[in-house]
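# Close look at the chain arrangement
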Amino acid sequence: MIKTESLTKAYNGKKAVNRLDLEIAEGDIFGFLGPNGAGKSTTILMLVGMVEPTEGKCFINDIEVARNPLKVKEIIGYLPEDVGFYGNMSAEQNLDYFARFYNMDAHDRNARIEELLGLVQLDGVSQKVGGYSRGMMQRLGLAQALLNDPKVLFLDEPTANLDPESVFQYRKLITQLSEAGTTIFVSSHILSEVSKVCKTLGIISQGKLIARGTLEELKNDFGRVKAENRRIIVETIEQLPEIRHEAIINVEYDKTKRRAIIEAKSDIRDYVSTLLFEKGVRIREMRMEEPTLEDVFLSVYQR
Amino acid sequence: MKTYFYLFIRGESEKMEAKGLFNVALKEFIDHLTSRKFIVILGLFLIISAYSMHQGIDNYNNELESYKEQISQITEDKAGGTSITIESEYMSEKPSILLIFQVMSFQMVSLGAILAIAMGFDLVSREKESRSLKSLLSHPLFRDEIINGKALGGIFALTFAIGIALLISVAMLLLFSIVPDLDELCRIALFGLVSVLCLLTYFSIALMTSTISDSSGKSLIYALIVFLAISFFVPMVGGIVAESVVGDPPEPPMFQHEVPPPSVKETESEEPIVIREVPLDEEEWQLYEEESNAYWQKRRGIDDAILTIVPTTNYLTVSSAVLSKNGNVPMFGPGYRSETTSEDVLERVWKNILALIIFPLVFFAIAYIKFMRMDIR
């Protein structure tokens, strides 16, 4: 559904996006990760037809964006980072103004606006948008992006200003949209958020895609770099005995000696459980720490 | 009020395919009409116009009264068999109601200009600041539809403002039992058109600064600088430039004096130097006149060329020509004369008319190019 071929954008000779090759399938929720200034927003701007690429091409539903920006805009929705509206108009008036650019008659527009305002919990808010909080603006931005029932939805830092309840609603909505076949492209640096909603991920650094795959794939490929030394957490009812193994690098006991964090070169959980069983120590909990998205992210950047 | 407008639009425009340019222009037009600054400045403009009209009407009535008295005096003299030739030659013309509108032309270049600048200075910069431009551009419309729509919305709003001002003026005339004839009505309409062109110049300047500036504050400052530069600085500098190009005017021969060359004898005797006046030579005087005419013609040519980049001068020149029934261009503009035909007037003011059309186009073009090339990030 989304495809880029050597997509490049340079500002004053400096490449913000550098030969980006990307392919995102229909119905996917793609998380686009990267630190500030990595080229995430520029990539989105090229994909939504607002910025012309310096080199390369990008396609949405097989339509080349630079050649047919209007055709593309008819099938996409875009929530910009720090979305803005006309402060002198109400939410309904703002949405109605934008909806007029699509082939929607007044009845369709009214129905769609009512539905969307309900969806983002802004129905019944009569005040002008100028008086909205950032969170309300963000929710209105989401409604605005969904006006034309898009096939592809681009979300740039969608949860940056949302409260926990709105974040929950947002996740629910994104999942529903994906199930209905909408392709969703989420750009964010809030890793926990991305890991909760996205099916596949891409990590961009200095305009280049440096990692791509599902969260599991990335954990397997990159998580181990960071978590080369495994961390096993053991909690017992009785006091822990001395744990010795050639793979162990370090063992940290707490004051009660009923909890320990074992740092080892390999997974030695079987050894530890056998040892504790033999010593008659009952295990309350034993787990190996999984690499988080943060670990993956950092390991990719530290490479 | 705005809600009412939107409901109205929703009802009316759904019949047509309201997209792109039309949508933007309509929104901008409504935004102007419902904005506080537009209402306040337009209100002020209308109040001052109405007051000036009232004064103008009083003056017109007084002049008319005096004209009538003169007519009745002539009629009495004629009946009494007195010669009227000399009196009728020096008698004043019947006053025209169009003179009342000349007062309005001065307000147009002051309050009207402020209104136009106030309407345009934040048109694009405000959208950049509020980031609504990015939201707008994510929907299916071309960039040029936005800038053209903004310009069109402004043109409609300015036309509306001028239209209201002229309607009130004509209504006041009728209220004072002054009925303009068809020719006068046409001239009033033409005056309205010229006024729209003048205000469009200032509006386009503001739109241009709004497009090139990243904040509305800066845009307003730039717009005011351009406004002051072309309204006051250029005419001021124009005279200096013209003088420096053509030099000093030729000296008249009657002021020429002859100083006898000092001789050795005179110097030695230490007698005072005697300056002798030379009698005026006819040929010399003729030569001086020719040189002087050529000098002033050249200087006026340069002055005129410089003044055509001053919208105020162009506007006052053209509006004076439109509002003067005998085609007078009394105070402003190049080479004014007291009595001229319509063709003469058109011949003299065509440059000003052209400038009034070209200037808004130039500033719009700059705004357009800048907007189309603007980085949206």
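It should be emphasised that the depicted structure is a prediction, and the values quoted were computed from it without experimental measurement. (Residues numbered from 1 in each chain as written. Chains lettered and ligands numbered in written order. Predicted model: local features only at pLDDT ≥ 70, side-chain atom pairs only at ≥ 80, totals over all residues. Heavy atoms only, no water.)

### Remarks on the overall build of chain B
Along its length, chain B carries 14 helices and 2 strands. Here the analysis covers contacts within chain B between residues at least 6 apart in sequence; of these, 80% occur between residues at least 24 apart. Surface exposure of chain B reaches about 20,400 Å², of which carbon and sulfur atoms provide 63%. (Helix = DSSP H or I, 4+ residues; strand = E, 2+ residues; numbered from the N terminus. Contact = heavy atoms within 4.5 Å. Areas by Shrake-Rupley, 256 points an atom, 1.4 Å probe, with all protein chains shown as cover.)

### Here we look at the side chain of A:Asp28
All names here are of chain A. By the element assignment, Asp28 lies in the loop between strand S2 (14-24) and strand S3 (29-33). An unpaired buried charge is present at Asp28: no salt bridge exists, and Arg212, the closest side chain of opposite charge, is 4.2 Å distant. Residues in contact with Asp28, not counting those within four places in the same chain, are Thr182, Thr183, Ile184, Lys199, Thr200 and Arg212. (Buried < 20%, exposed > 50% of the residue type's maximum accessible area, 1.4 Å probe, protein only. Lys, Arg positive; Asp, Glu negative; His and termini not counted. Salt bridge = Lys/Arg side-chain N within 4 Å of Asp/Glu carboxyl O.)

### Quick word on the sheet that holds strand S13 (residues 259-264) of chain A
Residues and elements named next belong to chain A. Here we have 4 strands laid out as an open sheet, ordered S12-S13-S11-S14, and antiparallel in their pairing. Edge positions in the open sheet fall to strand S12 (248-253) and strand S14 (283-288), since each of these has one partner strand only. Between one strand axis and the next, the sheet turns by 15° as a mean value, whatever way the strands run. Contacts from helix H9 (residues 269-278) reach strand S11 (230-236), S13 and S14, with the element oriented near 165° to S14. (Pairing = 2+ DSSP bridges. Axes fitted to C-alpha atoms, helices over the stretch in contact; angles between N-to-C directions.)

### Here we look at the interface of chain B and chain A
Interfaces are often sized by the amount of accessible area the parts lose when they come together. With 32 residues of chain B at the contact, the number on the chain A side is 31 residues. Of the roughly 3,100 Å² buried between chain B and chain A on both sides combined, carbon and sulfur atoms contribute 56%. Applying the counting criterion to the chain B and chain A interface returns 0 salt bridges. Taken together, the elements giving at least two residues each to the side of chain B that touches chain A come down to helix H1 (2-13), helix H2 (20-34), helix H6 (125-130) and helix H7 (132-137) of chain B. If you tally residues by element for the side of chain B that touches chain A, the top one is H1(B), at 6 residues. Classifying every residue of the side of chain B that touches chain A by side-chain character gives 10 nonpolar, 9 polar and 13 charged. (Buried area = accessible area lost by both parts, 1.4 Å probe. Nonpolar A, V, L, I, M, F, W, Y, C, P; charged D, E, K, R; others polar.)

### Concerning the sheet that holds S3(A)
Residues and elements named next belong to chain A. If you walk across this open sheet you meet the 6 strands as S6-S7-S8-S3-S9-S10, and the pairing is mixed. Every interior strand has two partners, whereas the edge strands, strand S6 (76-79) and strand S10 (208-214), have only one. Mean inter-strand twist for the sheet, computed between neighbouring axes without regard to direction, equals 15°. Bridge count between strand S7 (residues 152-156) and strand S8 (residues 183-188): 5 bridges; the pairing is parallel. Note that in S8 the partner of Leu153 across the bridge is Ile184.

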